Amino acid sequence: MGSNMNDMKSLQETNLDEEGDQEFELEDVDDGDEEEEVEEYVTLGLVEKPKNPKFLLRHLFPSKAGGVPAWLDPVDLPQEKSRICGFCGEPLQFLLQIYAPISEESSTFHRILYVFMCPSMSCLLRDQHEQWKRREDNPCRSVKVFRCQLPRCNPFYSSEPPKHDGIDKPLTVGAALCSWCGTWKGEKVCSSCRRARYCSEKHQALHWKSGHRNQCRQIVNYSETSSSSPDSSSNRLPAVGKVACSTLWPEYEIIIEDECAFDTEAFEDNNCATSLVPKNMKTDDSYQFMLDKLEADEKKKTWASFQERIAKCPKQVLRYCRDPKAKPLWPLSIGCPSVANIPKCNYCNGPICYEFQIMPQLLFYFGVRNDPDSLDWGTIAVYTCSASCGSSISYKEEFAWVQLYPTAPMT
Amino acid sequence: MAERGAGDRGGFGRGFGRGFGRGRGDRGRGDRGRGGRRGGRRDEEEKWVPVTKLGRLVKEGKITSLEQIYLHSLPVKEHQIIDTLLGGRLKDEVMKIMPVQKQTRAGQRTRFKAFVVVGDTDGHVGLGVKCAKEVATAIRGAIILAKLSVIPVRRGYWGNKIGKPHTVPCKVTGKCGSVTVRMVPAPRGAGIVAARVPKKVLQFAGIEDVFTSSRGSTKTLGNFVKATFECLMKTYGFLTPDFWMETRFSKSPFQEYTDLLAKPTKAILIENTES
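Residues numbered from 1 in each chain as written. Chains lettered and ligands numbered in written order. Predicted model: local features only at pLDDT ≥ 70, side-chain atom pairs only at ≥ 80, totals over all residues. Heavy atoms only, no water.

Per an unreviewed UniProt entry, chain B goes by the name Small ribosomal subunit protein uS5 and belongs to Musa acuminata subsp. malaccensis.

The name an unreviewed UniProt entry gives chain A is (wild Malaysian banana) hypothetical protein, with Musa acuminata subsp. malaccensis as the organism.

(A) Structural context of the overall build of chain B. Helix and strand counts for chain B stand at 8 helices and 8 strands. Excluding contacts between residues fewer than 6 apart, the proportion of contacts in chain B whose partners are at least 24 apart in sequence is 53%. Just so you have it, chain B exposes about 14300 Å², and 53% of that area is on carbon and sulfur atoms. (Helix = DSSP H or I, 4+ residues; strand = E, 2+ residues; numbered from the N terminus. Contact = heavy atoms within 4.5 Å. Areas by Shrake-Rupley, 256 points an atom, 1.4 Å probe, with all protein chains shown as cover.)

(B) Spatial organisation of the sheet that holds strand β3 (residues 93-99) of chain A. Sheet architecture is closed into a barrel: 10 strands sit in the order β1-β8-β2-β3-β4-β5-β12-β11-β10-β9 (chain A), paired in antiparallel fashion. Contacting β4 (110-117), β5 (143-150) and β12 (396-403) of chain A, helix α2 (residues 121-130) of chain A runs over the sheet at an angle of about 100 degrees to β12 of chain A. (Pairing = 2+ DSSP bridges. Axes fitted to C-alpha atoms, helices over the stretch in contact; angles between N-to-C directions.)

(C) Region of the structure containing the pairing of strand β1 (residues 43-48) of chain A. Residues and elements named next belong to chain A. Of all 6 residues in β1, 5 are buried; the element is thus mostly enclosed. Strand direction decides the pairing type here: β1 and strand β9 (residues 316-320), joined by 4 bridges, are antiparallel. Within the sheet, the bridge partner assigned to leucine 46 lies in β9 and is glutamine 316. (Buried < 20%, exposed > 50% of the residue type's maximum accessible area, 1.4 Å probe, protein only.)

(D) Local environment of the UniProt feature "domain: MYND-type" (unreviewed entry) in chain A. The UniProt entry lists residues 178-216 of chain A under the feature "domain: MYND-type" (unreviewed entry), expressed in the numbering used here. Between the C-alpha atoms that bound residues 178-216 of chain A there is a distance of 15 Å. The span itself is 41% helix and 10% strand. (UniProt positions renumbered as here; feature names shortened; annotations may be inferred.)

(E) Structural context of the domain arrangement of chain B. Residue and element names in this part refer to chain B. For chain B, the domain assignment lists domain 1 (53-152) and domain 2 (172-239). Counting from both sides, the interface comprises 19 residues of domain 1 and, opposite them, 12 residues of domain 2. A buried area of about 1100 Å², summed over both sides, lies between domain 1 and domain 2, and 79% of it is on carbon and sulfur atoms. On the domain 1 side of the interface with domain 2, the three residues burying the most area are Val125, Leu127 and Ile151, jointly 38% of the side's total. Scanning the region where domain 1 abuts domain 2 turns up 1 salt bridge. Where domain 1 packs against domain 2, one counts 2 residue pairs in polar contact (both at pLDDT 80 or more). Every element with two or more residues in the side of domain 1 that touches domain 2 is listed here: β1 (91-104), β2 (107-120), β3 (124-132) and β4 (151-152). (Domains from an automatic or database assignment. Buried area = accessible area lost by both parts, 1.4 Å probe. Salt bridge = Lys/Arg side-chain N within 4 Å of Asp/Glu carboxyl O. Polar contact = N/O pair within 3.5 Å; in protein donor to acceptor, adjacent residues only side chain to side chain.)

(F) The arrangement of the nonpolar core in detail. Residues and elements named next belong to chain A. Within the largest apolar cluster, 36 residues are counted, with the highest numbers of intra-cluster contacts made by Leu95, Leu96, Ile98, Phe356, Leu362 and Trp377. Among the elements that line this core, the one with the most residues is helix α7 (residues 361-366), at 4 residues. When near neighbours in sequence (up to four residues on either side) are disregarded, leucine 95 contacts Ala65, Gly66, Val115, Phe116, Met117, Trp249, Ile358, Leu362, Phe366 and Trp377. Formed by 34 residues, the second largest nonpolar core is a distinct cluster that contains Leu72, Phe109, Tyr157 and Ala196. (Core = buried A, V, L, I, M, F, W, Y, C linked by side-chain atoms within 4.5 Å.)

(G) Spatial organisation of unusual backbone geometry. The residue phenylalanine 61 of chain A is not glycine, and still its phi comes out positive at about 50 degrees. As for its position among the elements, phenylalanine 61 of chain A is in the loop between β1 and β2 (64-65).

(H) Quick peek at the environment of aspartate 376 of chain A. Within the element layout of this structure, aspartate 376 of chain A appears in the loop between α7 and β11 (379-385). Take aspartate 376 of chain A: its relative accessible area is 10%, and that puts it in the buried class. When the C-alpha positions of aspartate 376 of chain A and threonine 183 of chain A are compared, they lie 23 Å apart, and in sequence the two are 193 residues distant. Excluding anything up to four places from it in sequence, aspartate 376 of chain A contacts Met121, Leu124, Leu363, Leu404 and Tyr405 of chain A together with Lys53 and Arg56 of chain B. Among the polar contacts made by the side chain of aspartate 376 of chain A, one reaches the side chain of arginine 56 of chain B at a distance of 2.8 Å.

(I) A look at the domain arrangement of chain A. Residues and elements named next belong to chain A. Each assigned domain of chain A is listed here: domain 1 (4-168 + 250-403) and domain 2 (188-236). Contact residues are listed per partner, giving 6 residues for domain 1 and 5 residues for domain 2. Between the two partners, domain 1 and domain 2, sit 1 salt bridge. Here glutamate 80 ties to lysine 188 by a salt bridge, and the two come within 3.7 Å at their closest N and O atoms. Across the domain 1-domain 2 interface, the total number found is 1 residue pair in polar contact (both at pLDDT 80 or more). By residue class, the composition of the side of domain 1 that touches domain 2 is 2 nonpolar, 1 polar and 3 charged. (Nonpolar A, V, L, I, M, F, W, Y, C, P; charged D, E, K, R; others polar.)

Structural data, given as structure tokens:
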């Protein structure tokens, strides 16, 4: 084995007995997990069925996924152009919202980020190409993120925290929402009954076909006979009923957990395992070639470290870290944005930074079908204005980056 | 709601984000007082939340056997898929743990490379290698990698087709580096005639009788084992007369429904572009 030892120096292995003067090649195989990277303080979001849908109303500042959004600013909702998919023109569907205040500033005492996306996979595939375009080319997107923030004293909610005793109320009534999707502002009105409101013609047509045709007449007759108009104060509490649309994603509450709370007690007893190591500790060149071939390559390494990280808490659907040095956890090594791909803030032209990412486990909880054309993503990373700028618009658009699994098989 | 120490937020929820300063070592509990592991070993399979579409299909139960995955050459990215499909039949064995060292200013830094082979002794084997600072971590990682690399092994007969297949269907050879391994069908009762390490791999594969012949520097056990593995992979690649019938292609779970597949033809001769 003596002569083989010299050959082996290039194989980056060395015998323990050898004395130190020689130059050793640094092992550059998979050093990623050797450097103890300072792990950022990541907060995870887990979904859970709410104990009571009333807990998810807007005056309780919820973080939720699926169902309808709980608009923070109930009046100045996003306009026509921002709420439709850039490819198919359908109004976007609500994915999730998170309550992410920034305590350092007073203008961001309340701050909620909303994510909407088109449920069609073909639009998402086209969106993947659009996100690479620069902002000047006006890319159309099918995934949109809105940010809304309010100071503590605002005309919509009390400055005192809600007591969660079932009788909290917001200060004002919100704008009327679409009767079909319950998501967007219902600007258009049904011409016959004048009660049902819609955000777009498509939703009006859908609602008409699926039952409003029968109810419309009844509503007209009922309102003629009843004398009093409904009392506005009793309507201050938003309705908790189901909306007419049945294809909305199921509603969940997002529970917040810290990732460090899931760190395993990995100090397992190593004694039994080390007995497997041969006593003489002589290195064996025999395995070197095999190890070179069987060890993972770059793509697999990214995937392996992704899996390892989420294995701490397999149920996570959201990873949040607003640190300036934070980077999202990418499942794939291809399709990651570089610094040049991240545009500047639309409103203040300042830099934008990564804030949170949505994980594919959410698809499992939503019960998305697994047909060839159903929704699937690797991860969606959301970048927001570093300064969380304010402007006259209530709901400011932020940047989302989608990473999809490749459709061709990976070799 | 309890007064969470959210500083000047009063009783408002903390929401996402740090809220009140750096909580680096602070094991903050969630608003509902949840958190921390429920101690002990969890049931891995119950807690598995699939991340890929294939994983979701397997968890739903739409895919019931590994063969459906092999048929369409779908990449398996989650080891729990193999766990669900092969279940308790999968056995694993650590073949070798080897310490490797890197020279640093403060001495040598030793890590352990674990080499694991998994298999149900009925036609599926996998090999995995992982390097880590602790032996247990390396073994665990290697088992996961081995499960991801499970391949099907074809078995056949030496002579009369009586009973179950017990040997390789034909003479096959695999090569890695300078080592070539040749496997030759053997009659029942011959046993596995091979060196110690490939014998283990063949046992896991479920081959009962085989003659082997090797050439090259078999002292390089790494190449030797890999050559055996390649050889096993080729058992399903060999075109024997039973495969002469034209294939009737079926729709992969990921493929878009094409018109060509819709036509009721006896045999479809086009290239099936798989996802």
